[in-house]
Amino acid sequence: MILVAALGFSLGAVSPAVALDGPEIPWVRDVSLNVGESQVIYGYRGDCGQAPVLSSVRVPATKTGKISFGKKGWRNSNSCGGETPAMQLVFTATQKGREQIKIQGDTIKINVK
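Since the structure is predicted, the reported quantities are computational estimates derived from the model, not experimental observations.

1. Considering the pattern of salt bridges
Should their charged atoms come close, side chains of opposite charge can pair.
Here comes step 1: Applying the stated rule across the entire model yields one salt bridge.
Here comes step 2: In this structure, R75 engages D106 in a salt bridge whose closest nitrogen and oxygen atoms are separated by 3.8 Å. Highlighted residues: R75 in strand β5 (residues 65-77) and D106 in strand β8 (residues 106-112), separated in sequence by 31 residues.
Here comes step 3: By relative accessible area, which is 10% here, R75 ends up buried.

2. Quick notes on the pairing of β8
Here comes step 1: Counting buried positions along β8 gives five out of seven residues, so the element sits mostly inside the fold.
Here comes step 2: For strand β7 (residues 97-103) and β8, the ladder comprises seven bridges, and the chain directions are antiparallel. In the sheet register, G97 faces β8, and the bridge partner there is V112.
Here comes step 3: Connecting β7 to the antiparallel partner β8 that follows it, the hairpin turn spans two residues, and Q104 within it adopts a positive phi of roughly 50°.

3. Remarks on the nonpolar core
Here comes step 1: In this structure, V31, I41, F91, I103, I108 and I110 are the most contacted members of the largest nonpolar core, which totals 16 residues.
Here comes step 2: Setting aside residues up to four positions removed in sequence, F91 forms contacts with L33, E37, S38, Q39, I41, T62, T64, G65, K66, I67, I110 and V112.

4. Focus on the packing of aromatic side chains
Ring pairs (aromatic) are described by centroid distance and by the angle formed between their planes.
Here comes step 1: A complete count under the given rule lists zero aromatic pairs for this structure.
Here comes step 2: Positioned over the ring face of W27 is R29, at 3.6 Å from the centre of the ring.

5. Observations regarding the confidence of the model for the protein
Here comes step 1: Per-residue confidence for the protein gives a mean pLDDT of 86, with 83% of residues at or over 70.
Here comes step 2: Between residues 1-17, whose pLDDT stays under 50, and residues either more than four places distant or in other chains, the model counts 31 contacts.

The rules behind these values
- Residues numbered from 1 in each chain as written.
- Predicted model: local features only at pLDDT ≥ 70, side-chain atom pairs only at ≥ 80, totals over all residues.
- Heavy atoms only, no water.
- Salt bridge = Lys/Arg side-chain N within 4 Å of Asp/Glu carboxyl O.
- Helix = DSSP H or I, 4+ residues; strand = E, 2+ residues; numbered from the N terminus.
- Buried < 20%, exposed > 50% of the residue type's maximum accessible area, 1.4 Å probe, protein only.
- Pairing = 2+ DSSP bridges.
- Core = buried A, V, L, I, M, F, W, Y, C linked by side-chain atoms within 4.5 Å.
- Contact = heavy atoms within 4.5 Å.
- Phe/Tyr/Trp six-rings, centres within 6.5 Å; stacked < 30°, edge-to-face > 60°.
- Lys NZ or Arg CZ within 6 Å of the ring centre and 35° of its normal.
- pLDDT = per-residue confidence, 0-100.

Structure below.
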């Protein structure tokens, strides 16, 4: 577990103290998979310092696959000024093609071979 705390000055991290469990979740800007493969592509965050509420998670429809939830973890967020709880978004490739999607304002390019 990683504990992030404000110490009276900015460390570029979430404040007040927030417990961050699980792995760091990457933002994969360029995804390249074969049909049938899956990969963690994004860490969907809630309000800064709060885990996302699954019923409020909004992901785009995709032409080349499906997006599902993975494990809880954390990610670095410019909007939050540092580390914040997040949920893995897993992309599973189902059909050949290329597309570009946006999640929470971040662009992801997908190529399914």
